[in-house]
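Chains, contacts and geometry: an overview
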Amino acid sequence: MPAMPCPIHRNPITAVESPAVGVTIEGLSKNFGSLQALKNVSFAVEPGEIFVLMGPSGSGKSVLLKHIVGLETASNGRVLIDGHDAAAEGTLEHVRIALVFQAGALFNSLSVYDNLALYPREHRLGTESEIREKVVRALQILSLETTANKFPSELSGGMKKRVAIARALVMEPQLMLYDEPTSELDPVMSATISEIIATLKDEYHVTTIVVSHDRELALGIADRIGILMGGELVFLGPPSELKESKDSRIADFFHPKIDLKNPRFKTLET
Amino acid sequence: MNTAQQTARVGLFFLLGLALTWVTWETLSDGKLFKQTGYTLIAGFENLKELKQGDEVRMAGVKIGSIEKTRLAGRRAEAVLRIDPGVKIASDATATIVMAGLIGTNYVGLDLGTPGAPSLVDGAELRTKITPDINTIMAEIGNLGQKLEGALNSITSSVSGDGKSPGLFQKIDLLVTQNSEKIGTTMSNLQDITTKLKDGEGTLGKLINDPKLHDELLATVAEIKSAAADAKVFVTDTQGIIAQVKAGKGTLGALLYDEESAASIKVTVKNLRDVSDKIARGEGTLGKLLNDDSLYLGVQSTLKKADRAIDGLGDSGPITAVGVAASVLF
Amino acid sequence: MKQLTNILEGFGSAVQLLVQSCRYAGTLPRQRARFIEQCYLIGYTTLPIVAILCFFMGSVLALQAGYSMENFGAKQFIGSLVGLSFARELGPVIVAILLAGRVGSAITAELASMKVYQEVDALVTMNIPPARMLVLPRLAAVLVMMPVLAIIGNLIGWFGGAVVSKYVQSIAIEPEAYFAALRRYMKFKDVGTGLMKAEIFGFVVVLICCSIGLSTRGGPREIGASVTRAVVASLISILVLDYFVTKALM
């Protein structure tokens, strides 16, 4: 489907419309001791689009995501969300950002319902009955009505991810971040999650950044794709351009050939 | 567990804590704030010693209150006593600080005062008396120790000398050392005498060491006693004869009351003295007898003879007996 | 050198956490349910072990005192000894040590696992400061519950001493005499000092355990390491603080 950036964001819960937010990353570098996790990365995510950040393990995708949400501070450069510095303290007051963690990061001591209700309760977004409405709506969107009174430990991996997404929705986010939403899931569940992400974007125009190395997901839902390798952005563009890319590293990443004659790992004999 | 139940438990738990704290507080501070009952009396002392707030006030050993506070008032220390309600204290009762233990437990003791004396009212002042505390007693004991030490020192110096004059022991020592030779002689003489006595040497020794002789002597004395009794009778008879003699009756009377006879008797007496002198010098048979070792043997044989004579006394009359006795003795 | 840096870093992060928590003190009424839950965990569920330990601590104190004081005829002061040492020293320290072992370790384990499984990160992204939601209710709860635990511990300790004094043949002191001796040399100030100490120890233990739990990095293995570190740091802090607090309160 054609990716047309829509500047108007519609709240998935209250259906209130507001301008969608964009993310600008300017010369971002991050060092962990002697290790350079990010090397001068710059790109911009347009309001209302789905941006998929790809790359092999350890390429710095998750670190970049943490910078956007303010969990890490940059060694150099900065991240701007709707004009606010992500590292500054008040940014989360101005922009509602929801991060769906790889493992869900659900609060194990709280029931599914309480997990979802935590954010509006803590920020006093309405009375208990209003909060209840929001939570039930979010659960309906993700078909989780039956799990409301269960605890995270009773849920399967896919369910946990859906609860995590539902919890993010209750936050009525202007920016949704997904960290490996389809990892460790079977293909059917992966497809479901992909559909959810796409639907949220299509219906509510939530600006979305997905970190993944799932090729199907990326090609299926992305408006634009960025590829990080060794902390450097090696590709930035729509999925159609990716297929025409002549970069051997990208080709190798997307279409790894199994070569038993010349194995990539070092055998014991050599 | 639901939230309400949890809240209830936490609430109860907290209340329990509050209650226990209150109870502890009440107990340890004698509930001062809540039970300000009774009345106060003031007792001024020169020194409160170890007395402190919360200590007891006792009358005749019974607890009747406690020390509310202690303070300095001018040149003296004051203890404010809180007395239990209903306890009447005579105006002439005397307060003392009493030591209940050696390590600083004190209380204020009140005596009963005189019966019929008016009672003290709130805020009144008590009569007080100073009692020695442990420190004073200790100081006294210290003084006593010093005196004892002085006394002991003078005894020591008098006994063993103080460097200037010789002591008692030194004097005794000197005496013994200087006379040791004489004492030695005396001692050896004494030893000699006792040895001889022990071995039965000499008359005294024999007398002491021969049990047979002793027994015989005893028996003899008994016999003599009975003989003496008989002699009495003889003496009375003799008195009768003498009366006749005095009257010049008979031959004897003429003999005694005749002047010629008297002169010859005088010569006889002189002769007798000569004889006894000779005896004393050991001359003649009797002298030898008396002064010789062989007296013992003589005595023994004489006693044997006396024995026999006394045996025969039963039949013969008293005159015979006296005659025998006299013959034996002389 | 690295050790010293680590200690200073830990100290710094604890102080920082305390300041942050104090900044959110106003939100406490809204967090009433969380506060009650922590009170329940810190106070109510800790009571049985506090009771058992304090009882036996009091008993053994009386026993030892009876054994050693008999030699100079001071047996009648057992009550004073047990009472004073429990109120001023043992009560607060034992309760604080139990708190470190039972509650502190649980707090560290919970917060460390939340940190390791990114729950804390999730809270941060939700703009819910961990200091507000995780630390503040615990600190408030321990402030309220610690004196309660300490006074119960004190009374049970005294009672333990009384039981031993009465029933152990070599001591044989009637409870009346025991408690009379206890009251004789003790003021409420002694108990109050003890409660104050318990309050300080409890607060410090919870703060240390929260701080170490929240600064856990790495995998699940680190949870255990953090718990160990938190308990050790708590115990050391209790005993070091004990000296200075006792001196300050004298």
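Above: the structure in question.
Since the model is a prediction, treat every value here as computed from it, not as a measurement.

Thresholds applied
Residues numbered from 1 in each chain as written. Chains lettered and ligands numbered in written order. Predicted model: local features only at pLDDT ≥ 70, side-chain atom pairs only at ≥ 80, totals over all residues. Helix = DSSP H or I, 4+ residues; strand = E, 2+ residues; numbered from the N terminus. Buried ≥ 20, exposed ≤ 12 C-beta atoms within 10 Å, placed from the backbone. Contact = placed C-beta atoms within 7 Å. Nonpolar A, V, L, I, M, F, W, Y, C, P; charged D, E, K, R; others polar. Pairing = 2+ DSSP bridges. Axes fitted to C-alpha atoms, helices over the stretch in contact; angles between N-to-C directions.

This next bit is on the overall build of chain B. Helix and strand content of chain B: 11 helices and 7 strands. When burial is assessed residue by residue, chain B has 12% of its 330 residues classed as buried. Considering only contacts within chain B whose residues lie at least 6 apart along the sequence, 54% involve residues at least 24 apart.

A few words on the interface of chain C and chain B. The partner chain B presents 15 residues to the 18 residues of chain C that form the contact. Looking at the side of chain C that touches chain B, the elements with two or more residues in it are helix H2 (32–42), helix H6 (130–167) and helix H8 (188–214) of chain C. With 6 residues, H6 of chain C is the single largest residue contributor to the side of chain C that touches chain B. For the side of chain C that touches chain B, the residue count by class is 14 nonpolar, 1 polar and 3 charged.

All names here are of chain A. Located in the positive-phi region is Arg-124, a residue other than glycine, with phi close to 50°. In the Ramachandran plot, Ser-143 falls in the positive-phi region, its phi being about 50° despite a non-glycine side chain. Among the structural elements, Ser-143 can be located in the loop between helix H4 (128–141) and helix H5 (157–170). Assessed through the 12 C-beta atoms surrounding it within 10 Å, Ser-143 is described here as exposed.

Right, let's talk about the sheet that holds strand S6 (residues 106–110) of chain B for a bit. Strand pairing within a sheet occurs via backbone hydrogen bonds; the two strands may be parallel or antiparallel. Residues and elements named next belong to chain B. The mixed closed barrel is built from 7 strands, whose spatial order is S1-S4-S3-S2-S6-S5-S7. Taken pair by pair, the neighbouring strands of this sheet meet at an average axis angle of 40°, ignoring direction. Where strand S5 (residues 94–99) meets strand S7 (residues 125–128), 2 bridges bridge the pair, whose relative direction is parallel. Across the sheet, Thr-94 pairs through a bridge with Arg-127, a residue of S7.

This paragraph deals with the interface of chain C and chain A. Bring the parts together and some accessible area is lost; that lost area is often taken as the interface size. Facing the 11 residues of chain C at the interface are 13 residues of chain A. Ranked by the residues each element gives to the side of chain C that touches chain A, the list is headed by helix H5 (residues 119–125) of chain C, at 5 residues. Among the residues making up the side of chain C that touches chain A, the classes are represented as 6 nonpolar, 3 polar and 2 charged.

All names here are of chain A. Pairing in this open sheet of 6 strands is mixed, and the strands run S8-S9-S10-S5-S11-S12 from one edge to the other. In this open sheet, the two edge strands, each paired with only one partner strand, are strand S8 (97–100) and strand S12 (232–237). Between one strand axis and the next, the sheet turns through 15° on average, direction left out of account. In terms of strand pairing, strand S5 (residues 50–54) meets strand S10 (residues 207–211) through 4 bridges, oriented parallel. What sits directly across from Val-52, in S10, is Val-210. Strands in contact with helix H1 (residues 61–69) are S5, S8, strand S9 (175–179), S10 and strand S11 (224–229); relative to S9, the strand with the most contacts, it is inclined by about 155°. Each of S5, S9 and S10 touches helix H6 (residues 187–204); the most contacted strand, S10, lies at about 160° to it.

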